[in-house]
Amino acid sequence: MFWGSDWPKRQVLNDLWALGQASLARAPFLLRLEDCGQADLAAQLREVSQTKEMRLETGDSYLAVLAYLNRLAFDGEPADAAFALAVLLADAVHGQVGPEGEYFGWLVWRKRLDDMPRAWAATLARGFAMALDVHDIDAAPRPTKQMFLSEDKAAIIAPLVALARRLEGAMIDAVASADYGYRADEHATALLAVLADEACKFPAGERWFPAEVVELTGHDPTNGATFLPCICLLILDDLHNAGSFDQMSYRWMNNADLFLGALEAFRNPILRGIRHVMEQDFPDNWDPYFEWKPSKIETLARFVPWFVE
């Protein structure tokens, strides 16, 4: 059952919309519909695809549209099927009918995902998981967590390690002194050891040195040149520990605009890293805005970009 804010549901809908846009660019079926004399259906689907809510209207044609999309999802080319499933799953996430079959047909549609780009399949898997939660279906077969990952972790880690290692010289001393200078020498030694580690892992067990000062530096964007490299270390910490220390949800809530607007060298590695952190678990288990009301989320919350390139 879904708890917390409605941001995870909105994030899934945003991703399904982004997938719909990407798949439409490769899927000319709307034009084929028009050529076959089904201009009204083509217009309706085009309108749905242009709104981030991706909600099907439940008017007189609703069941016919569902039937068409289910056929397209089952028989269409991968791009056609991706668009159809994106709309059907958005429909289900809105609490409507969605894909046909028991439990939204997860076992029926699962094989279709194998023909799609990894990021597309991951988005659809997250859509299925959210639909099951929205409809409070506990007994259904579910996507596995591994299916939610749109990229290999190794491809995410390498750029973050390189950016974290921009910490050097006086920057090391600045980070090490973040706890009002308390035991700064020990923090500096521990930070240098983390940066020398192949994957920039904090030490297991006792991690106060240097995690405390890295976390403090990563809380305050006014720390200048040390802030984003420390954010990279914190994202890596969430990646290495499957989010156990939850370094990034609070920071996304407070600093999403800063990450989205960062210089290109940092922006894409950070956003890809945060996306991977989000994708490590079921969609409703990473909720940066869990204390916000829906009205505030609607106007101020930010989504983690889809398929960052």
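Structural notes on the packing of helix 1 (residues 7–24) against helix 7 (residues 118–134)
Line of reasoning, step 1. Relative to each other, helix 1 and helix 7 sit at 140°, their axes nearing to 10 Å. As summarised for this structure, helix 1 and helix 7 are arranged oblique, according to the angle between their axes. Crossing angle aside, the handedness with which helix 1 passes helix 7 is left-handed. Between helix 1 and helix 7, the residues in contact are P8, K9, Q11, V12, D15, L16, L19, A22 and S23 and W120, T123, L124, R126, G127, M130 and V134, respectively.
Line of reasoning, step 2. Its residues assigned to classes, the contact of helix 1 with helix 7 shows nine nonpolar, four polar and three charged.

Observations concerning helix 4 (residues 62–75)
Line of reasoning, step 1. Along its 14 residues, helix 4 runs 20 Å from first to last C-alpha, staying within 8% of the 20 Å computed at 1.5 Å per residue.
Line of reasoning, step 2. Of all the residues in helix 4, the buried ones are Y62, V65, L66, Y68, L69, N70, L72 and A73.

Remarks on the pattern of salt bridges
Side chains carrying opposite charge are able to pair once their charged atoms draw close together.
Line of reasoning, step 1. Throughout the structure, instances matching the rule amount to twelve salt bridges.
Line of reasoning, step 2. Residues D6 and R10 are paired through a salt bridge, measuring 3.0 Å at the closest nitrogen-oxygen approach.
Line of reasoning, step 3. On the basis of relative accessibility, which here comes to 18%, the residue D6 falls in the buried class.
Line of reasoning, step 4. Residues D237 and R207 are paired through a salt bridge, measuring 2.6 Å at the closest nitrogen-oxygen approach. Taken together, the positions of D237 in helix 12 (residues 227–240) and R207 in the loop between helix 10 (184–196) and helix 11 (208–217) put the pair 30 residues apart, joining distant regions of the chain. Per residue, the accessibility class of D237 equals that of R207, and both read buried.
Line of reasoning, step 5. Each of the salt bridges in this network shares a partner with another, and the network as a whole consists of D15, R275 and E279.

Each value, and the rule that gives it
- Every residue gets a number counted from 1 within its own chain, in the order that chain's sequence is written.
- Local features in this predicted model are restricted to residues of pLDDT 70 or higher, and side-chain atom pairs are both shown and tallied only at a pLDDT of 80 or more, whereas totals for entire chains, interfaces and linings draw on every residue.
- Hydrogens and waters are ignored; side-chain quantities use all the structure's heavy atoms.
- Every axis corresponds to a line fitted to the C-alpha atoms, with the helix fit spanning only the stretch in contact, and the corresponding angles, defined between N-to-C directions, vary from 0 to 180 degrees.
- Where helices and strands are cited, they refer to DSSP runs of H or I of at least four residues and of E of at least two residues respectively, numbered from the N terminus.
- For classification purposes, an angle smaller than 35 degrees is called roughly parallel, one larger than 145 roughly antiparallel, one from 65 to 115 roughly perpendicular, and anything else oblique.
- Definitions for this section: a left-handed crossing has its near helix turned counterclockwise from the far helix by less than a right angle. A right-handed crossing has that turn clockwise.
- Between two residues, a contact is recorded if the distance between any of their heavy atoms is within 4.5 Å.
- All residues other than Ala, Val, Leu, Ile, Met, Phe, Trp, Tyr, Cys, Pro, Asp, Glu, Lys and Arg, Gly among them, are scored as polar; the first ten of these are nonpolar and the last four charged.
- How far a helix is expected to stretch is found by multiplying one less than its residue total by 1.5 Å.
- Working definition: with a 1.4 Å probe on protein chains only, accessible area under 20% of the residue-type maximum means buried, over 50% means exposed, and in between means partly exposed.
- When a carboxyl oxygen of Asp or Glu is within 4 Å of a side-chain nitrogen of Lys or Arg, the pair counts as a salt bridge.

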